[in-house]
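So you can see what is in the structure, the chains are spelled out below.
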Amino acid sequence: MSFIDLSKNEVQCKVVYYGPGRGGKTTNLLYLHQAMTDSVRGKMVTIDTKGDRTLFFDFLPLALGKIQGLSIKIQLYTVPGQVMYNATRKLVLKGVDGIVFVADSLKVQKEKNIESLANLRQNLAEDNLDMKDIPLVLQFNKRDLGGSNIPILTVEEMQEDLNSELQVPWFSGSALKGDGVFETLREISKRTVKYVSRKLLSR
Amino acid sequence: MDLVLSKEAIDNIINVLDEDLLRAGADCVLLVDRSGNLIVNRGDPANLDVVALAALSAANFGATAEIAKLIGEDDFALLFHKGKNENIHFTKVGKGFILITLFGKEVSLGLIRLNTAKVTETLIPILGGEQ
Ligand SMILES: Nc1nc2c(ncn2[C@@H]2O[C@H](COP(=O)(O)OP(=O)(O)O)[C@@H](O)[C@H]2O)c(=O)[nH]1
Ligand SMILES: [Mg+2]
């Protein structure tokens, strides 16, 4: 749920990076954190990573400047991807305003991507949210592995698996190298702010 | 269920927090929503990362609500963590908000409890009722 403070002309919204475990959600936030200046980013908080797995969530607050006189603050969260942590995912999704789905390009993760997207749809539905209504952007991560000896999915295959019905914006990326990370953030921020202000105007 | 607060509403909240909690000796008071947004913070949060505190408190409250469900409760109305020098007290405000009070060992927990209960009553209508 977004919060608009008219005394400061400021809007706060929550964007969640969702996706299968080890797909690169935390790496997206780490990249953003190290690439941004102190005036934009707040402190990154990572809770209980045990053997580099996110157990609760990562959190990175950003101040993205002004749109039409309104200061935009976006809080980025990641969820733990492992199937068993669904209660935690639901908790982090609470009050979400925009979602980045980070899909893993590794061929062996094909089913995991599909399952995770279905799990997202289900968790949103339990909160009376339709995945089609909420701003959503896909990131096909780990494209840097193309050409290596690790089998990866083609972009077309990933589109077919994940986006044929949704038809949302998507980006190829490598969170490790930073490719597509800012593009993804820019798109989801734009959509989220639009979504929040549209809801605001219709009140 | 997005929240929009006017300058007047924010000023009202600030007044209540200042009058009933800061004057009673609290070091710092935050009002946050349960998705982790920081609504208002008052007091002297020197070296305190209030944005992170808001996000972590919302998550902590959410996790505790799950514990509550496991033992057949709906939710816990308040949480209290005691430190060597600084204590932190969380109170549920309606369904959607949390009031966080930081106070030192010279301030009595009883007084903080009493005043947060009063503040909660005042805040609920400003924040749009019980929902
Ligand atoms: N080659 C490659 N590895 C990546 C990329 N993004 C993440 N990784 C690696 O994948 C593993 C899991 O990443 P992490 O961000 O922890 O995944 P999360 O579980 O979604 O948070 C780590 O070892 C990362 O270094 C990428 O774009 N390319
Ligand atoms: Mg992670």
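Above this text sits the structure in question.
Residues numbered from 1 in each chain as written. Chains lettered and ligands numbered in written order. Predicted model: local features only at pLDDT ≥ 70, side-chain atom pairs only at ≥ 80, totals over all residues. Heavy atoms only, no water.

## Some words on the packing of helix H1 (residues 7-22) of chain B against helix H3 (residues 109-126) of chain B
Residues and elements named next belong to chain B. As a reminder, the rule being used: To get an axis, fit a line to the C-alpha atoms, keeping to the stretch in contact for a helix; angles then go from 0 to 180 degrees between the N-to-C directions. Each helix is a run of H or I in the DSSP string that is no shorter than four residues. Each strand is a run of E no shorter than two, and both are numbered from the N terminus. In these notes the angle categories are as follows: under 35 degrees is roughly parallel, over 145 is roughly antiparallel, 65 to 115 is roughly perpendicular, and the rest is oblique. Should any heavy atoms of two residues lie within 4.5 Å, those residues are considered in contact. In the scheme used here, Gly and all other residues not listed as nonpolar or charged are polar, with Ala, Val, Leu, Ile, Met, Phe, Trp, Tyr, Cys and Pro taken as nonpolar and Asp, Glu, Lys and Arg as charged.
Where H1 contacts H3, the two axes come as close as 10 Å, and the packing angle between them is 170°. The orientation of H1 with respect to H3, classified from their angle, is roughly antiparallel. Mapping the contact onto sequence places Ala9, Asn12, Ile13, Val16, Leu17, Asp20 and Leu21 in H1 and Asn115, Thr116, Lys118, Val119, Thr122, Leu123 and Ile126 in H3. The class makeup of the residues in the contact of H1 with H3 is eight nonpolar, four polar and two charged.

## Considering the pattern of salt bridges
Where we set the bar: Salt bridge criterion: a side-chain nitrogen from Lys or Arg within 4 Å of a carboxyl oxygen from Asp or Glu. Burial classes: relative accessible area under 20% of the type maximum marks a residue as buried, over 50% as exposed, and values in between as partly exposed (1.4 Å probe, protein chains only).
Scanning the model with the defined rule gives 18 salt bridges over all chains in all. Arginine 23 of chain B serves as the salt-bridge partner of glutamate 19 of chain B, at 3.2 Å between the closest nitrogen and oxygen. According to the relative accessible area criterion, glutamate 19 of chain B is partly exposed, its value standing at 44%. By sharing partners, the salt bridges in this structure join Lys110, Glu157 and Asp161 of chain A into a single network.

## Topic: the pairing of strand E3 (residues 38-43) of chain B
All names here are of chain B. Short version of the rule: The pairing criterion for strands is at least two bridges between them, as found by DSSP.
Sheet topology places strand E2 (residues 28-33) next to E3; five bridges connect them, and they run antiparallel. Within E3, the residue paired with valine 29 across the bridge is arginine 42. Between the antiparallel neighbours E2 and E3 lie four residues, among them glycine 36 with a positive phi of about 105°.

## Concerning H3 of chain B
We count it as follows: One fewer than the residue count of a helix, multiplied by 1.5 Å, yields its expected span.
Relative to the 26 Å expected for 18 residues at 1.5 Å per residue, H3 of chain B spans 26 Å between its end C-alpha atoms, a close match to the ideal helical length. Elements that come into contact with the buried residues of H3 of chain B comprise H1, E2, strand E5 (86-93) and strand E6 (97-104) of chain B.

## Examining helix H2 (residues 50-70) of chain B
All names here are of chain B. Heads up, the condition is: In the analysis that follows, any N or O atom pair within 3.5 Å is treated as a polar contact, provided that within protein one partner can donate a hydrogen and the other can accept it, and provided that, for residues neighboring in sequence, both atoms belong to side chains.
End to end, H2 covers 30 Å across 21 residues, agreeing with the expected 30 Å (1.5 Å per residue, within 8%). For H2, the side-chain oxygen to backbone nitrogen distance between the N-cap and valine 51 is 3.3 Å, and the N-cap itself is aspartate 49. A positive phi of about 85° marks glycine 72, the residue just after H2.

## A closer look at the interface of chain B and chain A
Formally: The quantity reported as buried area is the accessible area (1.4 Å probe) lost by two parts once they are put together, taken as the sum for both.
Counting residues at the interface gives 25 residues for chain B and 25 residues for chain A. Roughly 2,200 Å² is buried in total at the junction of chain B and chain A, and carbon and sulfur atoms are behind 62% of that figure. Ranking the residues of chain B by area buried against chain A places Asp2, Val4 and Ser35 of chain B at the top, with a combined share of 27%. Inspection of the region where chain B meets chain A yields zero salt bridges. Counting across the interface, chain B meets chain A through six residue pairs in polar contact (both at pLDDT 80 or more).

## Side note on unusual backbone geometry
Residues and elements named next belong to chain A. The phi angle at asparagine 9 is positive, at roughly 50°, despite the residue not being glycine. You can see asparagine 9 is positioned in the loop between strand E1 (3-5) and strand E2 (10-18). Overall, asparagine 9 belongs to the partly exposed group, its relative accessible area being 39%.

## Things to note about the sheet that holds strand E4 (residues 78-82) of chain B
Within a sheet, each strand pairs with its neighbour through backbone hydrogen bonds, oriented either parallel or antiparallel. Residue and element names in this part refer to chain B. Strand order in the open sheet made by the five strands is E3-E2-E6-E5-E4, with antiparallel pairing throughout. Of all strands in the sheet, those with a lone pairing partner are E3 and E4, marking the two edges. Neighbour-to-neighbour, the strand axes of the sheet open up by a mean angle of 10°, direction not taken into account. Against the sheet, H2 touches E2, E3, E4, E5 and E6, its axis set at about 60° to E5. H3 rests against E2, E4, E5 and E6 of the sheet, and its axis sits at about 30° to E5.

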